[in-house]
Amino acid sequence: MILSLFVFAFFALCLFAALKDINSHTIPNWLNLALAGLFIPAAAVSGIPLEIVGGHLLAAGLAFVVAFGLFSVRVFGGGDAKMIPAVMLWLGPSAATSFLIWMALAGGVCALLIIAVRKTIPAEMVPGIVRAPFQPAAGVPYGVAITTGAYMASPLSPFLSGTLSLIGIHG
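Keep in mind that this is a model prediction, so the values were computed, not measured.

## Let's talk about the layout of surface pockets
The volume enclosed by the largest pocket comes to roughly 270 Å³. Every residue lining the largest pocket is counted, 13 residues in all, and those nearest its centre are Ala 63, Val 66, Ile 84, Met 88 and Leu 100. Elements with a contribution of two residues or more to the lining of the largest pocket: α3 (50–72), α4 (78–91) and α5 (93–120). Ranked by residues supplied to the lining of the largest pocket, first place goes to α3 with 6 residues. Here the lining of the largest pocket is built from residues that sort into 13 nonpolar, no polar and no charged.

## Concerning a nonpolar patch on the surface
Residues Leu 15, Leu 19, Ile 101, Trp 102, Leu 105, Tyr 151 and Met 152 make up a contiguous nonpolar surface patch of about 650 Å² in total accessible area. Those elements that provide at least two residues to the nonpolar patch are α1 (2–24), α5 and α6 (142–153). Locating Tyr 151 in the fold gives a position in helix α6.

## What to know about the packing of helix α2 (residues 29–46) against α4
Remark: α2 packs on α4, axes separated minimally by 9 Å, with the N-to-C direction vectors making an angle of 15 degrees. One element, α2, and the other, α4, form an angle in the roughly parallel class. The two elements α2 and α4 meet at a crossing, and its hand is left-handed. Of α4, the residues touching α2 (which contributes Asn 29, Asn 32, Leu 35, Ala 36, Leu 38, Phe 39 and Ala 42) are Gly 79, Lys 82, Met 83, Ala 86, Leu 89 and Trp 90. Its residues assigned to classes, the contact of α2 with α4 comprises 9 nonpolar, 3 polar and 1 charged.

How each quantity is defined
- Residues numbered from 1 in each chain as written.
- Predicted model: local features only at pLDDT ≥ 70, side-chain atom pairs only at ≥ 80, totals over all residues.
- Heavy atoms only, no water.
- 1 Å grid on protein atoms, 1.4 Å probe; cavity = no way out; pocket = protein on both sides within 12 Å on 5 of 7 lines; lining within 4 Å.
- Points joined across faces, edges and corners; volume = space filled by probe spheres on them.
- Helix = DSSP H or I, 4+ residues; strand = E, 2+ residues; numbered from the N terminus.
- Nonpolar A, V, L, I, M, F, W, Y, C, P; charged D, E, K, R; others polar.
- Patch = residues over 30% accessible without salt bridge, like charges linked within 9 Å, V, L, I, M, F, W, Y side chains within 5 Å.
- Areas by Shrake-Rupley, 256 points an atom, 1.4 Å probe, with all protein chains shown as cover.
- Salt bridge = Lys/Arg side-chain N within 4 Å of Asp/Glu carboxyl O.
- Axes fitted to C-alpha atoms, helices over the stretch in contact; angles between N-to-C directions.
- Parallel < 35°, antiparallel > 145°, perpendicular 65-115°, else oblique.
- Left-handed = near helix turned anticlockwise from the far one by under 90°.
- Contact = heavy atoms within 4.5 Å.

Below, the structure written as structure tokens:
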């Protein structure tokens, strides 16, 4: 039950990050810290063997190195580069490939949608709360893609799959 609360908090924070990124093109440091920090008590109450927890830590460490490499060459923003390892901490190696595929697909769909809207609708006509990505020089709010990847890959994570099966979502 307690693990389920941590899992629901993880999903809620991911959703909040996506919405915040759409609205302001930022993912706050406190949010990424909360995503990563919640993993510690979740791991403590999960009963999952330490070897699996260690695998999650290694996957997050590798994601950190790769994401910050991509940040340094301006592929990702700083918030995105921090959110990816925080999410990978929860997903672990068993869900990593699925996460990366879904994240890339969602990022591509977001980019295509933004391009299509920019070509057809003036930014001033887009509702204010979602207008930021449709400004002419704005980037893609990649928090949406990261969150989509997290949701889609979550049934493959030992930390997330148990709670998902409780609510009828199976991997």
